[in-house]
Amino acid sequence: MNKLVLLFALILTFSFAVFAQKFDGDRKMNQPVEPFKIIGNVYYVGASDVTSYLITTPQGHILIDSGFEETVPQIKANVAKLGFKLEDVKILLINHAHYDHCGGLAELKKLTGARLYASPPDASVLEDGGASDFRFGGDRAFSFTPVKPDEILKDGQEIKLGGATLKTYFTFGHTKGATSWTTEAAENGGKYKVAIISSVTTLDYSFVDNPKYPQIAEDFTKTYQTLKNIKADVFLSSHGGFFDLTEKAQKLRAGAKPNPFIDPNGYRQFVARVTKQFEDKLKAEKAGKK
Ligand SMILES: [Zn+2]
């Protein structure tokens with residue numbers, strides 16, 4: 001009996017630790033940081049780890065990712081600090097419909113009046129506030145204020161505004177509608193391909209016989225091939241940790257040349273790493289199910 005009580009206490013402690021870790025982790029990702037110009041017309045306006053990017057043009061701006069619902073005041077302050085107006089944002093995009101990247105969209109849409117674009121699968125999840133997410137739907141900790149997209153994106157679609165072009169890549173898997181973009185930025189006479197890559201991690205997903213997402217393995221496989229085909233000079237993503245945001249920003253601030261965000265090798269290594277992680281997990285799962 002004593003052993004049972006001890007076991008129960010241990011399980012309880014462990015669950016609390018995991019629970020606390022999740023929420024501590026969330027807050028750690030949302031610390032205010034100084035906004036800055038990354039390269040050309042691409043600016044960083046997000047928090048310490050959940051990212052937001054502003055792409056500026058003479059005819060208004062494009063804002064990618066809202067962070068959490070609580071990140072919006074930071075984004076608002078960051079855009080103003082850089083000398084831009086939030087009301088000039090004409091287009092809102094998100095890399096995937098999880099609460100830490102899209103939670104602030106409803107509020108940002110109200111503040112800017114911008115048009116929100118989303119892929120078909122992410123659009124439905126945005127509209128129901130996360131309820132239909134294949135993994136986290138129904139978990140209140142992962143829900144957010146619902147928001148209705150104005151435009152449904154197509155794979156390969158070019159989004160144009162004031163001379164800037166963003167090319168859309170469907171990179172499904174992390175959510176059924178996760179989306180990435182490329183754009184071109186000019187600096188010191190050079191032109192650079194900037195890739196803004198969605199979360200492409202596999203979390204605790206199962207790939208074999210997943211009734212809520214039967215084509216999950218095919219989608220991830222296609223996504224990693226798509227990423228491999230993108231020849232990125234500047235590599236940005238949904239979480240700062242994926243591309244050493246803090247370290248690169250520090251170097252940039254210290255005057256490092258060339259711009260530390262120009263990192264084609266870092267991008268290739270990232271793609272190779274996430275691809276291998278997926279392939280290893282898929283292999284292990286298939287072996288376990290035999
Ligand atoms: Zn996510």
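Everything that follows concerns the structure shown earlier in this document.
Let me begin by describing the structure that accompanies this report. Everything quoted here is computed from the prediction, not taken from an experiment.

### Focus on the overall build of the chain
Part 1 of the argument: If you tally the helices and strands in the chain, you get eight helices and 12 strands.
Part 2 of the argument: Relative to the compact-globule value of 19 Å for 290 residues, the chain shows a C-alpha radius of gyration of 20 Å, a close match.
Part 3 of the argument: In terms of overall dimensions, the chain has C-alpha extents of about 70 × 40 × 35 Å along its principal axes.
Part 4 of the argument: When each of the 290 residues of the chain is scored for burial, the buried share is 50%.
Part 5 of the argument: The contacts of the chain with a sequence gap of at least 6 include a subset with a gap of at least 24, amounting to 65%.

### With respect to unusual backbone geometry
Part 1 of the argument: Here Lys257 and Pro258 are connected by a cis peptide whose omega angle stands at -5°.
Part 2 of the argument: Summarising the element assignment, Pro258 is placed in the loop between helix H7 (245-253) and helix H8 (264-289).
Part 3 of the argument: For Asn188, which is not a glycine, the phi torsion comes out positive at approximately 45°.
Part 4 of the argument: In this fold, Asn188 is placed in the loop between strand E10 (179-187) and strand E11 (190-197).
Part 5 of the argument: With a phi close to 55°, Asp244 is a non-glycine residue in the positive phi region.
Part 6 of the argument: Tracing the sequence through the fold places Asp244 in the loop between strand E12 (234-237) and H7.
Part 7 of the argument: Of the residues examined, Asp244 reaches a relative accessible area of 42% and is grouped as partly exposed.

### Focus: empty space enclosed by the protein
Part 1 of the argument: In total, this model carries one cavity of 30 Å³ or more according to the counting rule given.
Part 2 of the argument: The volume enclosed by the largest cavity comes to roughly 30 Å³.
Part 3 of the argument: Its residues placed into classes, the lining of the largest cavity shows five nonpolar, two polar and one charged.

About the thresholds
Residues numbered from 1 in each chain as written. Predicted model: local features only at pLDDT ≥ 70, side-chain atom pairs only at ≥ 80, totals over all residues. Heavy atoms only, no water. Helix = DSSP H or I, 4+ residues; strand = E, 2+ residues; numbered from the N terminus. Rg over C-alpha atoms; globule rule 2.2 N^0.38 Å. Buried < 20%, exposed > 50% of the residue type's maximum accessible area, 1.4 Å probe, protein only. Contact = heavy atoms within 4.5 Å. 1 Å grid on protein atoms, 1.4 Å probe; cavity = no way out; pocket = protein on both sides within 12 Å on 5 of 7 lines; lining within 4 Å. Points joined across faces, edges and corners; volume = space filled by probe spheres on them. Nonpolar A, V, L, I, M, F, W, Y, C, P; charged D, E, K, R; others polar.

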